[in-house]
Amino acid sequence: MDADVIIVGAGPTGLMLAAELRLAGVRPLVLERQPKPRDTPKAGGLGGQILELLRHRGLLERFEAACTGPVPAPRFPFGGVHLDFTQLADPPLHALPLPQQLLERLLDERAAELDADIRRGHEVTGVSQDDAAVSVEVRDPDGPYRITARYLVGCDGARSRVRDWAGIGFPGITYPEVNRLAQVTLPETVTVLGNGDLDVPGFGTIRAGFTRTGDGLFGVGSSPGSQEVSLYTIEDESTEYDDDVPMTVSELQDSVRRVLGAELPVEKASRLSRFTFKARQAERYRDGRILLAGDAAHLFPATGVALNAGMLDAVNLAWKLAADLHGRAPAGLLETYHGERRLAGARTMLHARAQVALRRGHDAAAEALREVFSELLADEQPLRRMGALVAGSDIRYPMPGSDRHELVGAFVPDLTLHSELGMTSVADLMHAARPVLLDLAEREDLREVARAWEDRVDYRTAKTGDRPADALLIRPDAHIAWAAAIDEPAESAAPALREALCGWFGSA
């Protein structure tokens, strides 16, 4: 075999998968058809539960240091209204101003540090599989060649050829609308008022926030004293755009003119991006030795969620592939990737489609719906619930024994821990992407069970204030596979732990 896993596509999902596989001792080979990283602006930031996962890999500070500006106030668009967490001390949703080009550079550096093989300018032209391997036809500047691997993962985007070659359906719809997003500097002839409104010569005042017209939606966001503003338009169009052809300032100004009826002068642009909205999800995330992740598996009709979902796909999949390749995977482990991440994708699709309903209506009934929704979000409990839904932090994977403890299946809380080595946290224990059995009550009965898995599961003891359980079995993707209730008798806790260890990490 030329590699353990071939990854098609060097976007955020593919690069994250490569790094996670290397942490697990697997040899990935990343094939990317573009000869160099793209400079076409796409996503302008990274947010949601993936930020907590990066904390658990010890990478969050590195990503924060690379941000292009100050972290914005926690206020996020949601279907024409806003989720405003600015009054909460601990918002359930966070984001970093990290343009996708910069994010990909950071992930590329991380994968390279871990010695992942990334080949750019290598286009996959065909894929076939049998019971033992996947064969891949590749074309590079020197000509065609053929390679094999145990598995192949398609991280090749919305128009995935890997998905097509595997014969996996991608049902759903494309909405007849085009979104344009830009970060621009306005000339001094345009006045940015203290409340964020714009005073445009020959037109008058454009108010901050969203303005609906009979021709679409216009949005503007600004900071007092700065001529740099964010602009946003939505129009119903049936035009098919090539994602590799960048938007121009003229295209943006034409859109503003059509939607708002205003001639808006622009001095320069630091970001210009265009995107359409689709609601599609692959019928299955696996076909034999071929798997899908990221946009190849799902497309959501809302901004700010695709990177979060795709990179979390990669983290969920990597350790399961590694277990299989190392010969330690229990029966059915790899199938849980489809079950768990398709469930997560369906949850993301739920709120993304709700945003479609909120934003696309233009009549009085739609305005009333947005007003009622905004009133609900003025209360903390529904606001927190919506934040967790958008972040993807409310996901609780169905697991054997999940009825035994409320934490089973959920992302592990980042508890502050006190051990004989000093103060640490759960996140600090997960940097190596290995499973951890965290004993919070010095349970010798559980330690005795865990000894048989010490080659593949790290055992840690610590104290924490207001402990949620006596012990937590944490998977490499930071989800809890098993938990012992406070003071749970050894007669039930020890056999349940043994069952969970066998079920997730193979026989001792």
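This section reports on the structure supplied with the text. Note that the coordinates shown come from a computational prediction; the quantities given were computed from them, not determined experimentally.

1. What about the sheet that holds strand β14 (residues 204-206)?
Thinking step 1. Taken together, three strands build an open sheet; the order of strands is β12-β13-β14 and the sheet is antiparallel. Both edges of this open sheet fall to β12 (191-192) and β14, since each of them pairs with a single strand only.

2. Quick look at the pairing of strand β11 (residues 172-185)
Regular strands place side chains that alternate from one sheet face to the opposite one.
Thinking step 1. Where β11 meets strand β18 (residues 268-281), 11 bridges bridge the pair, whose relative direction is antiparallel. Within β18, the residue paired with Thr185 across the bridge is Lys268.
Thinking step 2. Examined bridge by bridge, β11 and strand β17 (residues 228-235) share eight bridges and lie antiparallel to one another. Each bridged residue has a counterpart across the sheet, and for Val184 the counterpart in β17 is Val229.

3. Some details on helix α4 (residues 100-113)
Thinking step 1. Counted at 1.5 Å a residue, the expected span for α4 with its 14 residues is 20 Å, and the 20 Å between its end C-alpha atoms agrees.
Thinking step 2. Every buried residue of α4 is accounted for by Gln100, Leu102, Leu103, Glu104, Leu106, Leu107, Arg110 and Ala111.
Thinking step 3. For α4, the secondary structure elements touched by its buried residues are α1 (12-23), β3 (46-47), α3 (60-65), β7 (117-120) and α7 (306-325).
Thinking step 4. At the C-terminal side of α4, Asp115 shows a positive phi close to 70°.

4. A look at the pairing of strand β24 (residues 436-439)
Thinking step 1. Burial along β24 is two-sided: the face carrying Val436 and Leu438 and the face carrying Leu437 and Asp439 are both buried.
Thinking step 2. Bridge count for β24 against strand β25 (residues 458-461) is four bridges, and the pairing is parallel. Residue pairing across strands places Leu438 opposite Arg460, the latter belonging to β25.
Thinking step 3. In the sheet, β24 pairs with strand β26 (residues 471-474) via four bridges, with the strands oriented antiparallel.

5. A few points about the sheet that holds β25
Thinking step 1. Strands sit in the order β25-β24-β26-β27 across an open sheet of four strands; the sheet is mixed. The open sheet has two edge strands, β25 and β27 (480-484), and neither has a second partner. Ignoring which end each strand starts from, the neighbouring axes of this sheet average 15° apart.
Thinking step 2. As paired elements, β26 and β27 share four bridges and run antiparallel to each other. From the neighbouring strand, Ile474 faces β27, where its bridge partner is Ile480.
Thinking step 3. Sitting on the sheet, helix α13 (residues 490-505) touches β24, β26 and β27, and the angle it makes with β27 is about 170°.

6. Focus on unusual backbone geometry
Thinking step 1. The backbone phi angle of Asp115 is positive, close to 70°, even though this residue is not glycine.
Thinking step 2. The topology assignment puts Asp115 in the loop between α4 and β7.
Thinking step 3. Here Ala433, not a glycine, exhibits a phi torsion of approximately 60°, which is positive.

7. Let's talk about the environment of Ile118
Thinking step 1. Along the chain, the position of Ile118 falls in strand β7.
Thinking step 2. With 209 residues separating them along the chain, Ile118 and Gly327 place their C-alpha atoms 25 Å apart.
Thinking step 3. With sequence-adjacent residues up to four places away left out, Ile118 is seen in contact with Leu15, Val30, Asp108 and Ala111.

8. Some points on the pattern of salt bridges
Thinking step 1. Scanning all chains against the criterion turns up 42 salt bridges.
Thinking step 2. Residue Glu113 is joined to Arg62 by a salt bridge in which the shortest nitrogen-to-oxygen separation is 2.8 Å. Remark: Arg62 occurs in helix α3 and Glu113 occurs in helix α4; sequence separation between them is 51 residues.
Thinking step 3. We classify Glu113 as exposed; its relative accessible area is 52%.
Thinking step 4. Judged by relative accessible area, which is 28%, Arg62 ranks as partly exposed.
Thinking step 5. Of the charged contacts in the structure, one is a salt bridge between Asp470 and Arg443, with a shortest N-O distance of 2.8 Å. With a gap of 27 residues between them, Asp470 in the loop between β25 and β26 and Arg443 in the loop between β24 and α12 (444-450) connect regions that are remote in the sequence. An identical accessibility class is assigned to Asp470 and Arg443; each is buried.
Thinking step 6. In the salt-bridge network here, residues are joined through shared partners; they are Arg180, Glu235, Glu237, Glu251, Arg258 and Arg274.

Procedures and definitions
- By convention here, each chain's residues receive numbers from 1 onward along its written sequence.
- For this predicted model, a pLDDT threshold of at least 70 governs which residues receive local features, and a threshold of 80 or more governs which side-chain atom pairs are given and counted, while totals over whole chains, interfaces and linings are taken from all residues.
- Just so you know, side-chain values use all the structure's heavy atoms and leave hydrogens and water out.
- Strand pairing is assigned whenever DSSP detects at least two bridges linking the two strands.
- Comment: elements are numbered from the N terminus, with helices defined as DSSP H or I runs of at least four residues and strands as E runs of at least two.
- Expected span of a helix, by definition, is 1.5 Å for each gap between consecutive residues, and there is one gap fewer than residues.
- Remark: exposure states derive from per-residue accessible area (1.4 Å probe, protein chains only) relative to the maximum for the residue type, with buried under 20%, exposed over 50%, and partly exposed in between.
- The contact definition used throughout considers only heavy atoms, calling two residues in contact when any of these lie within 4.5 Å.
- In this analysis, axes come from line fits to C-alpha atoms, helices being fitted only over the stretch in contact, and the angle between any two N-to-C directions falls in the range 0 to 180 degrees.
- For this document, the term salt bridge refers to a Lys or Arg side-chain nitrogen within 4 Å of an Asp or Glu carboxyl oxygen.

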